[in-house]
Amino acid sequence: MRYRYRVPPPPNTPDRPRFDRVDALRATAIVWMAAFHFCFDLNHFGFIHQSFNTDPFWLRQRICIVSLFLFCAGLGQAAALHVAQPWPRFWRRWAQVAGCALLVSIGSAWMFPRSWISFGVLHGIALMLIVGRLAAPLGGWLWPIGLVALLLPLGVEHPFFDTRLTNWVGLVTHKPVTEDYVPLLPWLGVMLWGLAAGRWLLARQRGVLAGPLPRALGPLALLGRWSLSFYMLHQPILIGSLLLFRMVFP
């Protein structure tokens, strides 16, 4: 189940492109996420009345958004490995993600003191990026390992994992009270599948990920390259806009 990979081209050559298709797909996930969060904010401030914790319409959307986001993160790691991204560059990017995760925890503790985010999507991505990078040499074995990660929480759970210090693993007996929760299990499985799919495609059908993107989708690819900045800024802008609207039109 091993793949063969060609030696990546040297930097700054036409054979080492931006993976615009991956960027555009990532942007699709974050635009969808922003729309979801806007509806959540409308509900929080009483402009609409929805149950985001129980309504299948909203719950399924969240699952789809997080899945697409993490799958794209796996594809991104495959692309980085394909062009021989060095470890120092990996750690610089990782530090940005981890630092933003810390800011999310601080901001959520101020806004939602009883349900602040101790391990949300950025926290999960920061941990999964390390696991994925270390697991990448396993090649085709990433598929069954990802499946195990997806299924394990369905059959294994223990009260030990119900505290804030341990619920990041994911083997909880009940979902913690928090505004965002993306534990290692089962979500690692989605990222590993994205990594496995990316490596397989780049080894056999490189054009699927590295092919040209229609010009009309160029802005989407550009947005995808700044996904972390977009993620950090969109909620303050949305919340601030709604607060301003309420002040102007009480």
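The coordinates are above.
Residues numbered from 1 in each chain as written. Predicted model: local features only at pLDDT ≥ 70, side-chain atom pairs only at ≥ 80, totals over all residues. Heavy atoms only, no water.

**Considering the overall build of the protein chain**
Regarding its fold elements, the protein chain presents nine helices and zero strands. Its C-alpha radius of gyration of 19 Å places the protein chain within 12% of the 18 Å reference for a compact globule of 250 residues. Along the longest, intermediate and shortest principal axes, the C-alpha atoms of the protein chain span 60 × 45 × 35 Å. Per-residue burial over the protein chain gives 44% buried out of 250 residues. (Helix = DSSP H or I, 4+ residues; strand = E, 2+ residues; numbered from the N terminus. Rg over C-alpha atoms; globule rule 2.2 N^0.38 Å. Buried < 20%, exposed > 50% of the residue type's maximum accessible area, 1.4 Å probe, protein only.)

**Describing the pattern of salt bridges**
Taken as a whole and judged by the stated rule, the model has four salt bridges. The closest approach of N and O atoms between Arg225 and Asp23, which form a salt bridge, is 3.5 Å. In this pair, Arg225 is assigned in helix H8 (residues 218–225) and Asp23 in helix H1 (residues 20–44), connecting sequence segments 202 residues apart. For Arg225, a relative accessible area of 34% gives the class partly exposed. On the basis of relative accessible area, Asp23 is assigned to the buried category, the value being 2%. Across the pair Arg62 and Asp180 runs a salt bridge, and its minimum N-O distance is 2.9 Å. Here Arg62, found in helix H2 (residues 56–82), pairs with Asp180, found in the loop between helix H5 (142–155) and helix H6 (184–204); they are 118 residues apart in sequence, far enough to count as distant. Its relative accessible area of 21% is what places Arg62 among the partly exposed residues. (Salt bridge = Lys/Arg side-chain N within 4 Å of Asp/Glu carboxyl O.)

**So, the side chain of His123**
Secondary-structure assignment places His123 in helix H4 (residues 121–135). Side-chain polar atoms of His123 contact the backbone nitrogen of Gly120, separated by 3.0 Å. Sequence-distant contacts of His123, that is, excluding residues within four places in its chain, are made with Ala101, Val104, Ser105, Ile117 and Ser118. (Polar contact = N/O pair within 3.5 Å; in protein donor to acceptor, adjacent residues only side chain to side chain. Contact = heavy atoms within 4.5 Å.)

**Re the packing of aromatic side chains**
The description of two aromatic rings rests on the distance between their centres and on the angle between their planes. According to the stated counting rule, one finds 15 aromatic pairs in the structure shown. Look at Trp143 and Trp193: their rings are 6.2 Å apart centre to centre, the planes differ by 45 degrees, and that puts the pair in the tilted class. Of this pair, Trp143 sits in helix H5 while Trp193 sits in helix H6; the two residues are 50 residues apart in sequence, bridging distant segments of the chain. Among the aromatic residues, ring-to-ring pairing joins Phe36, Phe40, Phe52, Phe57 and Trp58 into one connected group. (Phe/Tyr/Trp six-rings, centres within 6.5 Å; stacked < 30°, edge-to-face > 60°.)

**Remarks on the nonpolar core**
In this structure, Phe19, Leu70, Leu122, Ile125 and Met128 are the most contacted members of the largest nonpolar core, which totals 56 residues. Contributions of two or more residues to this core are made by H1, H2, helix H3 (87–111), H4, H5, H6, helix H7 (206–210) and helix H9 (227–248). Apart from the residues lying within four places of it in its own chain, the contact partners of Phe19 are Ala79, His82, Val83, Leu202, Leu209 and Ala210. (Core = buried A, V, L, I, M, F, W, Y, C linked by side-chain atoms within 4.5 Å.)

**Considerations on the environment of Ser118**
Looking at the secondary structure, you find Ser118 in the loop between H3 and H4. When the C-alpha positions of Ser118 and Ala101 are compared, they lie 8.8 Å apart, and in sequence the two are 17 residues distant. The residues touching Ser118, leaving out its near neighbours within four places in the chain, are Ser105, His123, Arg164, Asn167 and Thr178.

**Let's talk about a nonpolar patch on the surface**
On the surface, Phe47, Leu244, Phe245, Met247, Val248 and Phe249 cluster together to form a nonpolar patch covering roughly 640 Å² of accessible area. Here Phe249 lies in the segment after H9. Relative accessible area serves as the criterion here: at 52%, Phe249 is assigned to the exposed category. (Patch = residues over 30% accessible without salt bridge, like charges linked within 9 Å, V, L, I, M, F, W, Y side chains within 5 Å. Areas by Shrake-Rupley, 256 points an atom, 1.4 Å probe, with all protein chains shown as cover.)

**Side note on the packing of H2 against H6**
Interaxial distance between H2 and H6 falls to 7 Å at its minimum, and their mutual angle equals 40 degrees. By the angle class used here, H2 and H6 are oblique. Where H2 crosses over H6, the two elements pack in a sense that is right-handed. Of the residues belonging to the contact of H2 with H6, the class tally is 16 nonpolar, six polar and two charged. (Axes fitted to C-alpha atoms, helices over the stretch in contact; angles between N-to-C directions. Parallel < 35°, antiparallel > 145°, perpendicular 65-115°, else oblique. Left-handed = near helix turned anticlockwise from the far one by under 90°. Nonpolar A, V, L, I, M, F, W, Y, C, P; charged D, E, K, R; others polar.)

**Focus: H9**
In a regular helix each residue adds 1.5 Å, so 22 residues correspond to 32 Å; H9 covers 31 Å between its end C-alpha atoms and thus fits that length. Of all bends in H9, the biggest is about 30 degrees, found at Leu233, and the proline Pro236 comes one to four residues later. Ser227, Leu228, Tyr231, His234, Gln235, Leu238, Ile239 and Leu242 are the residues of H9 that are buried. Residues of H9 that are buried make contact with H1, H3, H4 and H8. (Expected span 1.5 Å × (residues − 1). Bend = angle between axes of the 7 residues up to and from the residue.)

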